Structure formats: C-alpha cells, structure tokens
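Commentary on secondary and tertiary structure
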Amino acid sequence: MSEKIVSAFAEMQDLLSDFLTEASDLLDDVDIGLLDLEQRPHDTGLLNQVFRGFHTVKGGAGFLDATPLVELCHRGENLLDLLRSHVLVITPEIMDLILAATGEVRRMFSEMERGTMPEPAPQALLLALEAAARGETVDTTALRGIVAESIEPHMAPVMALDNDEPDWLGYYRVAFGEPPGVAGQKDGPGPDTASGSAPAQAGVQAVPGLPAGVATAKQPAKPYRADMLAPPAATAVAKDSTIRVDTARFDQILNLSGEIGLTKNRLSCLRDALVANRADDDITETLDVVFSQLDTLVSDLQSAVMMARMQPVGRVFQKYSRLARDLARQLEKDVELVITGGETEVDKTILDELNDPLVHLIRNAVDHGIETMVERRSVGKSPRGKLHLSARQTGDSIVIEVSDDGRGMDPEHIRRKAVEKGVISAEEAALLDHSQCLKLIFLPGFSTRAEVSDLSGRGVGMDVVKTNIEKLKGQIDLQSSPGMGSHIVVSLPLTLAILPVLMLKLVDQPYAIPLSAVREIIPLRQEEMHNVGNAQAMTIRGEVLPVIDLAVLLGRARKAPPTLAVVLAYGDRQLVLGVDGFIGQDEVMIKPLEGIHPKGVAGATLSGDGTLVLVLEMKQLLDGLF
C-alpha cells in the first residue's frame with residue numbers, strides 16, 4: 001500500500017509541492033495561534049482559526065491519500081472541536097498535546113517532501129489525544145522530556161583552509177570560465193548549515209483510561225519521543241529555494257527593464273550615426289545624456305532586484321515563540337518572548353543563515369539566563385521571565401537584539417571558570433577587564449555549567465554563534481550585569497550580494513578588502529616603526545598597533561617594503577596592513593571560485609577595465625597571528 005501511494009506522489013509532484021508550501025504556512029499560523037491561545041484561552045475567534053488550520057491540512061492530506069497525516073490531524077481536530085464547543089477547557093496539558101501533534105505534522109511534511117509516505121504518529125500520542133478528548137486527565141510530564149539534539153542547532157564553523165599559496169592560475173581560469181586544473185582543486189563545498197537532529201528518547205507514563213490490551217497488542221505502542229514536542233521547525237529552518245515577492249516590486253523591475261530596452265535602442269541609433277561618420281556636437285552631447293540615463297536605470301534596476309530579495313525577519317522570528325515556550329515548559333520556567341521589529345527586511349541569504357545562531361541565543365537565554373519561578377520570587381522579581389527579541393535597520397545594517405531580565409553573568413565567575421578549564425592562563429585572566437571577561441564565553445570549549453546536560457555544558461555553541469555571525473560579515477556584542485540580565489547585540493549587513501570594498505594594489509595585482517573593516521589610510525614610514533618582541537609595530541594616536549605586510553600574508557615576493565598602509569579593525573583590535581597602493585572605493589558583486597577554496601579569499605570580481613580582482617577574507621588570513 002505504501003509503495004503505491006509513494007508512486008502516486010511521483011505522479012503529482014506539482015500538487016504535492018503546492019500542498020506542502022501552503023500547509024507549512026498554515027501550520028506556522030496554527031503554532032502562533034496556539035501560543036496566543038495559551039495567553040487568551042477565551043478567544044473564540046482565535047480557537048476557530050486554529051481549528052480551521054487543522055481542518056484544511058487534513059483535507060489536503062486526504063486528497064493526497066496520506067492516511068497517517070489524516071489520522072493525526074483528525075484527532076487533533078476532534079480535540080480542538082471540543083474546546084471550541086466548550087465541552088473541554090484549555091489547560092497546559094492539552095496545549096502540550098496539541099503542540100506535540102503539530103510537531104508530528106511537521107515531521108510528516110518533511111518525509112512527504114522527500115517523496116515518501118510519512119510514518120504514522122507514535123501510538124502513545126494518538127492514544128493520549130483520544131484520552132484527552134474523552135475528558136480524561138493526561139499526564140504530559142514525560143511528553144515534555146529533554147529536547148536534546150532536536151533543539152541543538154547543528155552549526156558548522158567555517159571550514160579550515162590550510163593551503164599556504166593561493167592558486168593564481170586557478171583563479172584566472174575560474175574567472176574566465178575555464179575549469180581549474182586538478183592541482184588547484186580542493187574538496188567540495190563546506191558542510192550544509194541546515195540542521196539535522198538526533199532526538200533523545202523519552203518514555204511516557206501510562207495514560208489513564210486507555211483501552212485494555214494495548215500493552216499486549218501485536219505491535220506495541222511506540223514510546224513518545226521528546227522531539228515531537230519540539231519540532232524541527234521550531235529549532236531550525238530548512239533552506240528554501242523559493243522566495244515570496246510583492247508583485248509591486250516585480251512591476252518595478254519590469255518597468256525598469258523596459259526603460260533600459262528603450263535606452264538601448266537610442267544607443268543603437270547613436271552608434272549607427274558614429275559609424276556613418278555623422279558625429280557632431282549634438283550627437284556627442286546626446287550620447288553623454290543617454291549614458292547618464294543608462295547608468296541611473298541600471299542602478300535603479302540593481303536596487304529593485306535587491307529589494308525583491310529582501311524578506312521580513314518576522315518570517316523567522318515567529319518560530320522562536322514556540323521554541324521558548326517548549327524550553328520553558330521542559331525546564332519548569334515561565335518565560336514570555338516579546339518580539340518587535342518583525343517587519344524589518346534583510347536579504348534572504350542572510351535570513352536563512354541567521355536562524356541557527358538566533359536559536360542558540362534564545363535557547364541560552366531560557367536555559368542559562370532566566371531563573372526558575374522560585375528563584376525569581378526569592379529576589380523580588382516577577383515569576384514570569386521576559387525575553388526580548390527585536391530587529392531594526394540602522395543605515396545599511398540590521399541590528400538584532402536579544403535581551404532577558406534573568407540572572408545575568410558574573411565576570412569574575414567566568415574568569416575563574418576559564419582558568420579552571422584551561423581556556424586561558426591565570427596570568428592572561430588577570431589582565432582582562434569586565435567586558436573582556438564576558439567575551440570569554442565565545443571561546444571554543446568554554447562553559448560555566450558544572451555538569452553536561454542535554455541542553456548545555458558541552459562547551460560548544462557560543463563560539464560557533466560568533467563564527468557564523470562573522471561569516472556573514474557581522475559583529476556580536478555582549479553586555480550583562482549579575483541579577484539584571486543580559487543584552488546581546490548582533491549587527492549584520494542588509495545584503496551580501498553587493499559588497500562595498502576598498503580596491504588596493506600589491507605587486508601590481510589588484511585586490512579588494514571589505515570597506516566595513518577599514519578605519520583609515522596612512523603613509524607607512526620605516527622610521528616610524530619599531531620592534532615589539534619579534535614583530536613590527538607603530539604608534540597611532542597613542543595606541544601601539546602591529547604592522548603586517550599583506551605580501552607576507554599572501555606569500556607574494558616584493559622588491560621594496562610597502563610605503564602605504566590601511567588601518568583595519570580585526571575583532572576587538574586594530575592593525576596596520578602594508579600595501580603598495582590604492583585604486584579607490586567600489587561596490588562589487590562577489591563571485592565564488594567554483595571548485596577551489598583558497599585560504600583568505602572570499603571570491604572574485606572584475607574591475608571596470610575587466611581585470612580580475614580577488615576579494616580577500618581578512619579574518620581567515622589573520623587567524624592564528626594573534
């Protein structure tokens with residue numbers, strides 16, 4: 001039977017794709033509605049909206065003959081129908097069951113997306129839904145078992161690149177469309193950041209009133225898994241190749257395309273006049289005007305296309321309410337997540353990559369930051385902890401803030417833990433100020449937990465969060481006070497498609513570095529430099545900065561020392577980078593180097609005269625030098 005249905009899916013892929021797209025959106029709305037319903041249990045309109053969502057998903061699944069999905073939605077729909085007819089009242093236990101059902105529905109969606117018939121929901125969950133519908137009390141303590149790896153985002157740091165000398169010939173071949181030689185090729189692309197999960201197993205207590213003989217049935221009930229309560233969608237968003245665009249933005253792109261076509265026709269006429277030697281002052285003046293118009297139109301078209309890629313961050317933010325709720329229930333805490341600025345837009349590429357770091361920050365705030373209700377009462381706080389997630393646009397950047405009113409972080413405690421775990425030495429720790437102590441949590445292997453749990457204590461997480469934020473050309477900052485809570489600020493560019501860069505020269509080869517890292521350009525005089533230890537340094541405005549020759553970083557030979565330099569920001573510090581000259585500032589579109597992944601090179605672009613320009617990834621080049 002299963003094979004027959006799977007083959008039926010293959011015959012109606014378009015229908016299945018439409019169903020999964022629409023049903024996933026419906027399920028997002030259902031999740032949001034359920035969380036709102038928990039705060040407003042007497043809102044009949046909201047309850048009806050959630051019921052309709054379940055009913056619509058069940059109808060679509062029935063048309064596709066996806067029986068396991070139909071059976072689960074039917075039981076959830078029955079329970080919701082009894083709630084909206086006031087036969088039953090909303091309780092936290094009933095909400096646990098319904099949310100667990102939506103988690104199972106998401107799991108089935110994932111299996112259907114792969115073209116397979118979804119596995120039936122765990123029998124324990126189906127029986128618990130039936131028992132709740134009969135008005136029986138269901139103990140959901142075991143259903144809220146530790147979420148473990150289903151909540152742990154699987155974030156991979158940037159791949160280590162260990163080749164010392166870039167393959168210059170390979171770069172040129174790639175730039176001009178030729179496949180690079182075997183010697184210049186590396187391994188395939190880095191690991192996918194899409195999350196996978198290895199859910200922890202959790203038993204479930206017997207549900208009162210279940211039919212007799214269930215335990216001796218030929219196929220015993222599957223133990224309810226904790227990951228059913230915390231669905232993958234609440235912890236990680238699979239990368240989607242589709243994008244929603246307002247038709248008004250498409251209309252703008254179409255209009256600009258038409259204007260460019262008309263301008264092209266005018267250029268053709270002017271070209272014919274020039275070829276026929278009919279050039280005069282009027283034609284020259286007209287040519288200047290047309291080129292100016294074309295430049296404006298191309299810039300407008302570029303902006304319109306970029307706007308079409310912009311998506312509201314609320315599309316991702318809305319899923320974190322479910323995550324915070326599930327974690328709070330399992331940790332027996334009361335946490336309210338307040339989201340603001342969901343309408344702020346950012347490029348889809350950044351939005352997709354931003355999900356995992358934010359999941360980690362939300363999870364850490366609920367697990368580490370917010371105290372239990374007993375602890376909060378003992379210090380005079382409200383039993384309900386507040387967690388704020390906000391976004392706003394500042395210039396050409398988006399600023400995301402995650403703050404809580406929890407226990408905060410003690411810099412001295414962090415300092416001691418770092419020394420105990422061998423992350424830094426006692427001598428290094430003694431030199432750190434308050435802010436630097438807090439930033440120790442971003443070091444690999446650091447954790448303040450004495451014991452490892454399914455949620456934390458492994459010493460991985462915040463370092464990967466920082467790595468992934470920096471991979472997106474962003475920055476992360478942390479402020480915290482004991483007893484007052486923590487405040488994390490993430491700053492990211494609105495888009496990675498167009499990058500402002502500073503074009504420079506080294507041994508007659510042009511390079512580009514991100515303009516966001518540039519602080520100033522200075523002359524580099526040998527008499528102003530001095531040795532500190534075994535390295536060169538110079539004093540700028542009273543601050544001693546290390547001096548590094550870009551030629552040394554790239555392994556390029558030079559005949560004379562550099563005479564110019566650029567002051568760069570590198571993490572929390574600055575350095576002076578020696579170069580041979582500067583070309584100017586530009587905005588470029590970076591093209592990846594297919595098949596090769598050289599250290600310190602983010603990609604390539606072309607200058608106005610067609611010269612290949614390598615865009616440098618300074619963090620990779622400088623890692624390990626300090």
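Residues numbered from 1 in each chain as written. Predicted model: local features only at pLDDT ≥ 70, side-chain atom pairs only at ≥ 80, totals over all residues. Heavy atoms only, no water.

A few words now on the overall build of the protein. In terms of helices and strands, the protein carries 19 helices and 18 strands. Counting all 626 residues of the protein, 44% fall into the buried class. Of all intrachain contacts in the protein linking residues separated by at least 6 positions in sequence, the fraction that spans at least 24 positions is 71%. Accessible surface, the protein: about 30,900 Å² in total, of which carbon and sulfur atoms supply 53%. (Helix = DSSP H or I, 4+ residues; strand = E, 2+ residues; numbered from the N terminus. Buried < 20%, exposed > 50% of the residue type's maximum accessible area, 1.4 Å probe, protein only. Contact = heavy atoms within 4.5 Å. Areas by Shrake-Rupley, 256 points an atom, 1.4 Å probe, with all protein chains shown as cover.)

What links the strands of a sheet is backbone hydrogen bonding, and the strands pair in either a parallel or an antiparallel sense. Strand order in the open sheet formed by 6 strands is β10-β14-β15-β13-β12-β11, with mixed pairing between adjacent strands. The two strands at the open ends of the sheet, each matched to only one other strand, are β10 (518–523) and β11 (529–532). Adjacent strand axes in the sheet meet at a mean angle of 40 degrees, parallel and antiparallel pairs treated alike. Summarising the sheet, strand β14 (residues 564–570) and strand β15 (residues 573–579) pair through 7 bridges and their orientation is antiparallel. (Pairing = 2+ DSSP bridges. Axes fitted to C-alpha atoms, helices over the stretch in contact; angles between N-to-C directions.)

Further remarks concern the packing of aromatic side chains. Tallying each qualifying case throughout the model produces 2 aromatic pairs. With 5.9 Å between their ring centres and 85 degrees between their planes, Phe19 and Phe109 make a pair best called edge-to-face. Highlighted residues: Phe19 in helix α2 (residues 13–39) and Phe109 in helix α5 (residues 92–113), separated in sequence by 90 residues. Judged by its relative accessible area of 10%, Phe19 is buried. Ring geometry for Phe317 and Tyr320: centres 6.2 Å apart, planes at 40 degrees, overall tilted. Across the pair, Tyr320 and Phe317 agree in class, each one buried. (Phe/Tyr/Trp six-rings, centres within 6.5 Å; stacked < 30°, edge-to-face > 60°.)

On to the sheet that holds strand β17 (residues 601–606), then. Taken together, 5 strands build an open sheet; the order of strands is β16-β8-β9-β18-β17 and the sheet is mixed. In this open sheet, the two strands that pair with only one neighbour each are β16 (581–589) and β17. Within this sheet the neighbouring strands show an average axis-to-axis angle of 30 degrees, counted without direction. Bridge count for strand β8 (residues 498–506) against strand β9 (residues 509–514) is 6 bridges, and the pairing is antiparallel. Looking at β9, one finds that Lys505 is bridged to Pro510.

This brings us to α5. Think of an α-helix as 3.6 residues a turn; residues three or four steps apart then line up on the same face. Taking 1.5 Å as the rise per residue, α5 with 22 residues should run 32 Å; its terminal C-alpha atoms sit 32 Å apart, in good agreement. Most of α5 sits out of view: 18 of its 22 residues are buried. Of the residues flanking the end of α5, it is Gly115, one or two places downstream, whose phi is positive at about 85 degrees. (Expected span 1.5 Å × (residues − 1).)

Let's shift gears to the pairing of strand β6 (residues 475–481). Of the two faces of β6, only the one carrying Ile476, Leu478 and Ser480 is buried; Gln475, Asp477, Gln479 and Ser481 on the other face are not. Note that β6 and strand β7 (residues 485–493) share 7 bridges and pair antiparallel. Directly across from Asp477, in β7, lies its bridge partner Val489. Counting the residues in the hairpin turn of β6 and β7 gives 3 residues, including Gly483, whose phi is positive at 80 degrees.

Our focus in this paragraph is the pairing of β8. Within β8, 7 of the 9 residues are buried, which leaves it mostly tucked inside the rest of the structure. Note: β8 against β16, 8 bridges, orientation antiparallel. Directly across from Leu499, in β16, lies its bridge partner Val588. Two successive antiparallel strands, β8 and β9, enclose a turn made up of 2 residues, where Val507 displays a positive phi of approximately 50 degrees.

Turning our attention to the nonpolar core. What tends to happen in soluble globular proteins is that the nonpolar side chains get buried as a cluster. Within the largest apolar cluster, 47 residues are counted, with the highest numbers of intra-cluster contacts made by Tyr320, Ile362 and Ile400. Beyond its immediate stretch of four places on either side in the chain, Ile362 contacts Tyr320, Leu323, Ala324, Leu337, Leu387, Leu389 and Val402. In this structure, Leu27, Leu35, Leu47 and Ala121 belong to the second largest nonpolar core, which totals 44 residues. (Core = buried A, V, L, I, M, F, W, Y, C linked by side-chain atoms within 4.5 Å.)

As a further point, take the pattern of salt bridges. The tally for this structure, following the rule as stated, stands at 39 salt bridges. Glu371 is paired through a salt bridge with Arg376; the nearest N and O atoms lie 2.8 Å apart. Grouping residues by exposure puts Glu371 and Arg376 together as buried. One salt bridge in this structure joins Lys619 and Glu470, with 3.5 Å as the shortest N-O distance. With Lys619 in helix α19 (residues 618–622) and Glu470 in helix α17 (residues 462–471), the pair connects residues that are 149 residues apart, well separated along the chain. The class for Lys619 is partly exposed, based on a relative accessible area of 31%. (Salt bridge = Lys/Arg side-chain N within 4 Å of Asp/Glu carboxyl O.)

What follows is about the packing of α5 against helix α11 (residues 320–330). Between α5 and α11, the shortest axis-to-axis distance is 12 Å and the interhelical angle comes to 130 degrees. Between α5 and α11, the interaxial angle falls into the category oblique. Judged by the twist between their axes, the crossing of α5 over α11 is left-handed. Residue-level contacts link Pro92, Glu93, Met95, Asp96, Leu99, Ala100, Thr102 and Gly103 of α5 to Arg322, Arg325 and Arg329 of α11. Of the residues contributing to the contact of α5 with α11, the split by class is 4 nonpolar, 2 polar and 5 charged. (Parallel < 35°, antiparallel > 145°, perpendicular 65-115°, else oblique. Left-handed = near helix turned anticlockwise from the far one by under 90°. Nonpolar A, V, L, I, M, F, W, Y, C, P; charged D, E, K, R; others polar.)

Turning our eyes to something else, we now look at a negative patch on the surface. A surface patch of like charges, here negative, comprises Asp280, Asp281, Asp282, Glu285 and Asp288. Checked against the element boundaries, Glu285 lands in helix α9 (residues 281–309). In this structure Glu285 comes out as exposed when scored by relative accessible area, which is 53%. (Patch = residues over 30% accessible without salt bridge, like charges linked within 9 Å, V, L, I, M, F, W, Y side chains within 5 Å. Lys, Arg positive; Asp, Glu negative; His and termini not counted. Charge placed at Lys NZ, Arg CZ, Asp CG, Glu CD.)

Moving on: the confidence of the model for the protein. Close reading of the predicted structure is inappropriate where its pLDDT is low. Residue-level pLDDT values for the protein average 78, and 79% of them are 70 or greater. Of all the helices and strands in the protein, helix α7 (residues 168–175) carries the lowest mean pLDDT, 44, while strand β4 (residues 385–394) carries the highest, 93. Low pLDDT, under 50, characterises residues 1–8; the stretch is placed with 8 contacts to residues that sit more than four places away or in other chains. (pLDDT = per-residue confidence, 0-100.)

The next subject is α17. Most of α17 sits out of view: 7 of its 10 residues are buried. Every buried residue of α17 is accounted for by Met462, Asp463, Val464, Val465, Asn468, Ile469 and Glu470. Trailing α17 by a residue or two, Lys473 shows a phi angle of about 65 degrees, which is positive.

We now examine unusual backbone geometry. Negative phi values dominate among residues other than glycine, just as trans dominates among peptide bonds. Located in the positive-phi region is Glu332, a residue other than glycine, with phi close to 55 degrees. Mapping Glu332 onto the fold places it in the loop between α11 and β2 (335–340). Of the residues examined, Glu332 reaches a relative accessible area of 55% and is grouped as exposed. Notably, Asp508 is not glycine yet its phi reads approximately 65 degrees, a positive angle. As for its position among the elements, Asp508 is in the loop between β8 and β9.

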